[in-house]
Structure formats: structure tokens, C-alpha cells
Amino acid sequence: MNTLPLRIYYEDTDFSGFVYHARYLHFFERGRTEALRAIGVDQRALFEAEGGPFAFVVRHMTIDFKSPARMDDLVTVETRVTKLGAASLVMAQGLLRGDTVLCTARVEIAHLAGGKPRRFPANLRSALDLLANP
């Protein structure tokens, strides 16, 4: 599992002072990106790789909003792999304020090359396994 600390800013909120629902997508995207970076995956290098461009594409996502985040909250995005297939993976993500879970997401991601599903290369698969079995 990987964690990413964030602060909630005024720009993340709506007129009610709560985080606008679409901003959670941004937080989770950053969490996924930083989780990949933490295990040594360079997304730019994947995109520019020979035989590529390789890309991670969100195929399906479910979000469960439990409690609102507010301006100035210090939150943490937690990201882990729950399922690793040949050319896809499932990630579980959570946004927490301390021990309080504010929002969770289940994200199905496809690995593509040239717009078509492509098996993970062995080195990438090994790296992704670190997020499933730290």
C-alpha cells in the first residue's frame, strides 16, 4: 500500500465549504500516480517506450462518499492493488482524515499499447505486485 498526504484547499471546495465531489477523482488520480512512482514505475518512460505507447486507462470506477472533507483538512490517499491480471489491475483507494475514512474507490485499470490491451511486461508486473503484497 502507498500513502499520499494532501491538504484540502479553498479551490477544492464548493459554496458549502465541503470538497466538491469531482475533486475526489483528482485526489485518487494523484494517489495512483504517486503509488506507481513509489515502486519505480516511470509513466512517461512507459508512454515513450518502444512497442508503446503504453498507458494505464481507467475502465471502471466506483466511489463511496462517506463523510465530507473540508477546507484545510489534512488527508491521506491510500492506494493498493487488490487484483493483478495479465493486462489489467484493480486498485482500492481511500481518502482518510486521521483514522476517519471519508471516501473510498474501487478502480479497474487496463494496460494498453497502441490503444489495445497488452500484457504487463515482467518487470512492470513485479513492480505492481509490490503494491499488492508490500
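Preceding this section is the structure that the text describes.
Just so you know, these numbers come straight off a predicted model, no measurement behind them. (Residues numbered from 1 in each chain as written. Predicted model: local features only at pLDDT ≥ 70, side-chain atom pairs only at ≥ 80, totals over all residues. Heavy atoms only, no water.)

With respect to the overall build of the protein
Put simply, the rule is: Helix and strand assignments come from DSSP, with helices taken as H or I runs of at least 4 residues and strands as E runs of at least 2, each series counted from the N terminus. Computation of the radius of gyration draws on C-alpha atoms, with the globule rule given as 2.2 Å multiplied by the number of residues to the power 0.38. Each residue gets one of three labels from its accessible area relative to the maximum for its type: buried under 20%, exposed over 50%, partly exposed in between, using a 1.4 Å probe on protein chains only. In this analysis, two residues are considered to be in contact whenever any of their non-hydrogen atoms come within 4.5 Å of each other. All accessible areas in this document rest on Shrake-Rupley with a 1.4 Å probe, and a residue is counted as covered only by the protein chains that are shown. Under the counting rule used here, the positive set is Lys and Arg, the negative set is Asp and Glu, and His together with the chain ends is not counted. We put the charge of a Lys on NZ, of an Arg on CZ, of an Asp on CG and of a Glu on CD.
What the protein contains, in helices and strands, is three helices and six strands. Counting from the amino terminus, helix and strand elements in the protein follow one another as β-α-α-β-β-β-β-β-α. At 16 Å, the protein has a C-alpha radius of gyration in line with the 14 Å of a compact globule built from 134 residues. Residues classed as buried in the protein amount to 37% of the 134 residues present. For the protein, the share of sequence-separated contacts (at least 6 apart) that also reach a separation of at least 24 residues comes to 66%. Roughly 7,900 Å² of accessible area belongs to the protein as shown, and the carbon and sulfur atoms make up 52% of that amount. Between the mean site of the 17 positive side-chain charges and the mean site of the 15 negative ones, the protein shows a separation of 7 Å.

Some details on the environment of A22
Of note, A22 is situated in the loop between β1 (2–7) and α1 (23–38). Between the C-alpha atoms of A22 and D12, which are 10 residues apart in sequence, the distance is 9.1 Å.

Brief notes about the packing of aromatic side chains
Applied cut-off: For Phe, Tyr and Trp, where Trp contributes only its six-membered ring, two rings pair if their centres lie within 6.5 Å, and the inter-plane angle classes them as stacked under 30 degrees, edge-to-face over 60, or tilted in between.
The final tally for this structure, using the stated rule, is three aromatic pairs. Centroid distance Y24 to F27: 6.1 Å. Interplanar angle 75 degrees. Geometry classified as edge-to-face. Of this pair, Y24 and F27 both sit in helix α1, three residues apart, which is roughly one turn of that helix. Aromatic pair F56 and F120: ring centres 6.5 Å apart, planes at 35 degrees, arrangement tilted. In this pair, F56 is assigned in strand β2 (residues 54–65) and F120 in the loop between β6 (116–117) and α3 (122–132), connecting sequence segments 64 residues apart. Owing to a relative accessible area of 22%, F56 belongs among the partly exposed residues under this scheme. On the basis of relative accessible area, F120 is assigned to the buried category, the value being 7%. Joined through ring pairs, the aromatic side chains of Y24, F27 and F65 make up one cluster.

Let's talk about unusual backbone geometry
Here D72, not a glycine, exhibits a phi torsion of approximately 75 degrees, which is positive. Along the chain, the position of D72 falls in the loop between β2 and β3 (74–84).

Observations concerning the nonpolar core
Let me state the cut-off plainly: The definition of a nonpolar core used throughout is a set of buried Ala, Val, Leu, Ile, Met, Phe, Trp, Tyr and Cys residues joined through side-chain atoms within 4.5 Å.
Grouped together as the largest cluster of nonpolar side chains are 31 residues, with contacts concentrated most on Y24, F27 and L95. Of all the secondary structure elements, the ones that give two or more residues to this core are β1, α1, β3, β4 (88–97), β5 (100–113) and α3. Considering each element in turn, this core owes the most residues, six residues, to β5. Every residue in contact with L95, bar those within four places of it in the chain, is listed here: Y24, F27, F28, V75, T76, V77, T100, V101, L102 and C103.

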